[in-house]
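# Structural features, examined
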Amino acid sequence: MSMLTPPGMGGKYRITGDRYPRMSRPRNRRRLMFTAFGSVLALGLVGWGTLQLIDVFSGDSGGQKVRAAHGTGDCERGDKRPDENAKSGRSDSGQGGQHGRTGGKLPKPAQITVNVYNATTRSGLAKDTAKELEKRGFKIGKVGNAPTQYDKKVKATGILLGAPGAGDGAFNVLGTQLAGAQTKNDARDGKDIDLIIGNDFKDLVEQKDAAKALAALAKPSPAPSGSPCR
């Protein structure tokens, strides 16, 4: 019997040799699996957060719009070419169309000669409209039926037709008297404007409302400060 055998024990409990057996703790595989999974998940979250920070600080340099840092509106970029501004309906001053507000010097109604033409089937419309415009200070030129190319072919309230320079102010001033009028240019040399009355025309804008619109046109409201667009 070995000296390692406890007293009173023998047989199958007999220990032979002169060294105790080495007892190793069984490995906890489940704990190892959870540890590995947690490490992978943490690395994934760190990588995702890094990508989000890169996206925030880099921005979209190729887009045509940049989002303001404050507010929810989109701001038009200021580096558009003139043809791109025209496609979006904006002029260089930021106004869409001929009737936008302008701070430039506007001609007075007495400095604008208006030829009034009737493109509808209602008789006397050009004459009555010309009289009313004259009361409001405009100079009246020719009055009669519209030329063949426009006669009974204008569906809008009317068309303001003039030389290219008319868009600098005369169209704006006369446009305060007629809501919804379209503007067109032709090759004429003079400064007079043709008002071609269309089918949708009911009446001129009330004189008091037209006067307010004209005053606002001459003294536009200042642009709001602190705009988020830079």
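Residues numbered from 1 in each chain as written. Predicted model: local features only at pLDDT ≥ 70, side-chain atom pairs only at ≥ 80, totals over all residues. Heavy atoms only, no water.

## Some points on the overall build of the chain
To keep it simple, the criterion reads: Put simply, DSSP H or I for four residues or longer makes a helix, DSSP E for two residues or longer makes a strand, and each gets a number counted from the N terminus. Classification of residues uses two cut-offs on accessible area relative to the type maximum, computed with a 1.4 Å probe and protein chains only: under 20% is buried, over 50% is exposed, and between them is partly exposed. Surface accessibility in these figures is a Shrake-Rupley result with a 1.4 Å probe; residues are shielded only by whichever protein chains are displayed.
For the chain, the count of helices and strands is 5 helices and 7 strands. In sequence order, the secondary structure elements of the chain are arranged as α-β-β-α-β-α-β-β-α-β-β-α. With 230 residues in all, the chain has 26% of them scored as buried. For the chain, the computed accessible surface area is about 17000 Å², with 55% contributed by carbon and sulfur atoms.

## Some thoughts on the environment of Gln207
The criterion, for reference: Every residue pair with non-hydrogen atoms within 4.5 Å of one another is taken to be in contact.
Checked against the element boundaries, Gln207 lands in helix α5 (residues 207–218). Separated by 30 residues in the primary sequence, Gln207 and Gln177 place their C-alpha atoms 7.7 Å from one another. Excluding anything up to four places from it in sequence, Gln207 contacts Glu132 and Arg136.

## Section: the pattern of salt bridges
Rules: Each reported salt bridge corresponds to a side-chain nitrogen of Lys or Arg within 4 Å of a carboxyl oxygen of Asp or Glu.
Throughout the structure, instances matching the rule amount to 5 salt bridges. Among the salt bridges present, the one from Asp151 reaches Lys152, with a minimum N-O distance of 3.3 Å. Of the charged contacts, one joins Arg188 and Asp192 as a salt bridge, the two residues approaching to 3.7 Å between their closest N and O atoms. By sharing partners, the salt bridges in this structure join Asp186, Arg188, Asp192 and Asp194 into a single network.

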